[in-house]
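Coordinates in review
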Amino acid sequence: MPAFSLKSWQNTLHAALDPAKATIMLGKIQRRFLGEKGRLDNQQNLDWLGLIAEDIPVFLTRFGATPDLLRETDQFCTNLKTSADEILSRIPHDLGGGGGVPLLYALTRLLRPNVIVETGVAAGFSSATFLAALAKNGSGKLYSSDFPYFRIENPEQYVGIVVPAALKQNWSLHIKGDSANLPAILKECGPIDLFHYDSDKSYQGRAMAFSLILPRMMENGLVIMDDIQDNSFFHDWVMDHSDTPWTVLKYEGKYIGLLGKTLPAS
Ligand SMILES: C[S@@+](CC[C@H](N)C(=O)[O-])C[C@H]1O[C@@H](n2cnc3c(N)ncnc32)[C@H](O)[C@@H]1O
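What this report covers is the structure whose coordinates are included nearby. (Residues numbered from 1 in each chain as written. Predicted model: local features only at pLDDT ≥ 70, side-chain atom pairs only at ≥ 80, totals over all residues. Heavy atoms only, no water.)

Comments concerning the sheet that holds strand 2 (residues 115-119)
Strand-to-strand pairing in sheets goes through backbone hydrogen bonds, with the strands running parallel or antiparallel. We count it as follows: Strands are treated as partners if at least two bridges between them are detected by DSSP. The secondary structure listing takes helices from DSSP runs of H or I that are at least 4 residues long and strands from runs of E that are at least 2 residues long, numbered from the N terminus. Should any heavy atoms of two residues lie within 4.5 Å, those residues are counted as being in contact. Fitting a line to C-alpha atoms yields each axis, with helices limited to the stretch in contact; the angle taken between N-to-C directions then spans 0 to 180 degrees.
Strand order across the open sheet formed by 8 strands is 1-7-8-6-5-2-3-4, with mixed pairing between neighbours. For this open sheet the edge positions go to strand 1 (54-55) and strand 4 (171-174), each flanked by a neighbour on one side alone. As paired strands, strand 2 and strand 3 (residues 141-145) are joined by 5 bridges and run parallel to one another. Looking across to strand 3, one finds that E118 is bridged to S144. Where helix 7 (residues 125-137) meets the sheet, its contacts fall on strand 2, strand 3, strand 4 and strand 5 (192-197), and the angle it forms with strand 3 comes to roughly 170 degrees.

So this is what it looks like as C-alpha cells:
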C-alpha cells in the first residue's frame, strides 16, 4: 500500500471532494477506529490461527492437486511475477502485491468455476491469476470489486494494471466500492462458485460482503478470505456456523480462511 506523503494527503483531500468517494472514505475511517473488533483480541486470534494453519502446497495436495498441476501453478506464478515486475517498475507508486496467488490459480484450475466474484483488485495480481486459470479451463467469468487507492492521483488508471489485455474479455470490473459494486455485480452474475474477499479488512466490511454474497453461492461453492489475522471475523463466523467446513492456510506470514462443503476434512 502506498506510504503517506504531502502529495498523498493532497490526493486524499481531492478525492474527499467527490461525495460518492467521501462517503466510502468516511465509512472506512469510522470502521477502522470505532468498528467492531470481534470476540478475540489480536493476540488471541493470532494464537488460534497459528495453532491450526496449514501450508498451501500440503492443502492443495489434500484437495486433489496433482504434481503436474503444482508444476503448472509454479510456472504461472513465475511468469506473472516477471511480467508484473516489469509493468510495475514503470509506475511511480507502490500498489502492493497479491495474496495467495498459487492457491487462487490451483483452486480455479481444480474447481473449474463458472462464476468467480472477488473484492479487492489493486494492481490486479489476483484478477490476472483467476483470469489466466479460467482461460486455461476454457470457460468462466470473473467479476471484481475495487475502490481505487485514494492517496494516488488518478488511481483508476492503475486498477488491474498487471492484467493482460488478452484476458479482459471475461472480466467485469467495478470500481465504486464494495457497498455499491456487490449489488451491481449480483444483478449481473449467476450463482457464484468461488468468492475471494481481499478488500475492506474491517469486521463490518467482511460482514457486509458475506450478507450479500453467501445467499448467492452455489451449494458446493468455495469462499476464500484473505488476511483473517486482522480481526476475529473468520473465527467468529466459523464458531457460529458449525455445519460449514473450513480451513486456515498460512501464506507469507499471513493467514487465509476457506469455507465450503467441498473442503477435505483436516
Ligand atoms: C490488498 S489489495 C487487493 C489485492 C488483490 N486482491 C491482489 O491479489 O492483487 C486491497 C484492494 O481493496 C481495495 N478496497 C479497500 N476498501 C474497499 C472497499 N470498501 N470496496 C472495494 N475495494 C476496496 C483497495 O483500494 C485495494 O485496491
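From this point on, the discussion continues.
Some points on the packing of helix 8 (residues 178-188) against helix 9 (residues 203-213)
Our working rule: Any angle between 65 and 115 degrees counts as roughly perpendicular, while under 35 counts as roughly parallel, over 145 as roughly antiparallel, and the rest as oblique. Helix crossings get a hand from a simple test, with the near helix turned counterclockwise from the far one by less than a right angle marking a left-handed crossing and a clockwise turn marking a right-handed one.
Orientation of helix 8 relative to helix 9, taken along the N-to-C sense of each, is 10 degrees, at an axis distance of 10 Å. Here helix 9 runs roughly parallel to helix 8, going by the angle between their axes. Helix 9 is crossed by helix 8, and the crossing has right-handed handedness. Side by side, helix 8 and helix 9 meet where D178, S179, L182, P183 and L186 of the first sit next to M208, A209, L212 and I213 of the second.

What to know about the pattern of salt bridges
The condition that has to hold: The rule for a salt bridge is simple: a side-chain nitrogen of Lys or Arg has to be within 4 Å of a carboxyl oxygen of Asp or Glu. Relative accessibility thresholds used throughout: buried, under 20% of the residue-type maximum; exposed, over 50%; partly exposed, between the two (1.4 Å probe, protein chains only).
The final tally for this structure, using the stated rule, is 10 salt bridges. The closest approach of N and O atoms between K201 and D227, which form a salt bridge, is 2.5 Å. With K201 in the loop between strand 5 and helix 9 and D227 in the loop between strand 6 (217-225) and helix 10 (233-240), the pair connects residues that are 26 residues apart, well separated along the chain. Assessed through its relative accessible area of 22%, K201 is described here as partly exposed. Residues R206 and D230 are paired through a salt bridge, measuring 3.8 Å at the closest nitrogen-oxygen approach.

A look at the packing of aromatic side chains
This is how the line gets drawn: Side-chain rings of Phe, Tyr and Trp, where Trp is taken by its six-membered ring, are said to pair if the distance between their centres is within 6.5 Å; with planes under 30 degrees apart they count as stacked, over 60 as edge-to-face, and otherwise as tilted.
One pass over the full model with this rule turns up 8 aromatic pairs. Aromatic side chains W48 and W246 sit 5.5 Å apart centroid to centroid with 35 degrees between the ring planes, which places their arrangement in the tilted category. With W48 in helix 3 (residues 42-52) and W246 in strand 7 (residues 246-251), this residue pair connects regions lying 198 residues apart in the sequence. Measuring from centroid to centroid gives 5.4 Å for F59 and F63, while their planes differ by 35 degrees, and the two rings are tilted. Placement of the pair is F59 and F63 together in helix 4 (residues 56-63), with a separation of 4 residues, close to one helical turn. Across the pair, F63 and F59 agree in class, each one buried. Every member of this aromatic cluster is reached through a ring pair, and the members are Y203, F210, F233 and W237.

Some remarks on the packing of helix 6 (residues 101-111) against helix 7
Inclusion rule: Gly counts as polar in this scheme, as do all residues outside two lists: the nonpolar Ala, Val, Leu, Ile, Met, Phe, Trp, Tyr, Cys and Pro, and the charged Asp, Glu, Lys and Arg.
Remark: helix 6 packs on helix 7, axes separated minimally by 9 Å, with the N-to-C direction vectors making an angle of 25 degrees. When the axis of helix 6 is compared with that of helix 7, the two are roughly parallel. Viewed along their axes, helix 6 and helix 7 form a crossing whose handedness is right-handed. The residues of helix 7 that touch helix 6, namely those facing V101, L104, Y105, T108 and R109, are F125, S126, T129, F130, A132, A133, L134, K136 and N137. Class assignment of the residues belonging to the contact of helix 6 with helix 7 gives a composition of 8 nonpolar, 4 polar and 2 charged.

With respect to the site of the ligand
For the record, the criterion: For each residue, the test is whether any non-hydrogen atom lies within 4 Å of the molecule or strand; if one does, the residue is near. Any pair of N or O atoms that falls within 3.5 Å is considered a polar contact. Within protein, one atom must be able to donate a hydrogen and the other to accept it, and sequence-neighbouring residues count only if both atoms are side-chain atoms.
What surrounds the ligand is a group of 19 residues, the closest being K28, D146, F147, D178 and D198. Within the side chain of S126, a nitrogen or oxygen atom sits 2.8 Å from a nitrogen atom of the ligand. Across the shell around the ligand, the residue classes tally to 5 nonpolar, 9 polar and 5 charged.

Topic: the environment of L60
In this structure, L60 sits in helix 4. Among the residues examined, L60 registers a relative accessible area of 2% and is labelled buried. For L60 and P264, which are 204 residues apart along the polypeptide, the C-alpha to C-alpha distance reads 10.0 Å. If near-sequence neighbours (up to four positions away) are discounted, L60 is found in contact with A65, L70, P102, L103, A106 and L107.

Topic: unusual backbone geometry
For A122, which is not a glycine, the phi torsion comes out positive at approximately 50 degrees. Relative to the helices and strands, A122 is located in the loop between strand 2 and helix 7. Backbone geometry places N154, a non-glycine residue, at a positive phi of 45 degrees. Assignment of secondary structure puts N154 in the loop between strand 3 and strand 4.

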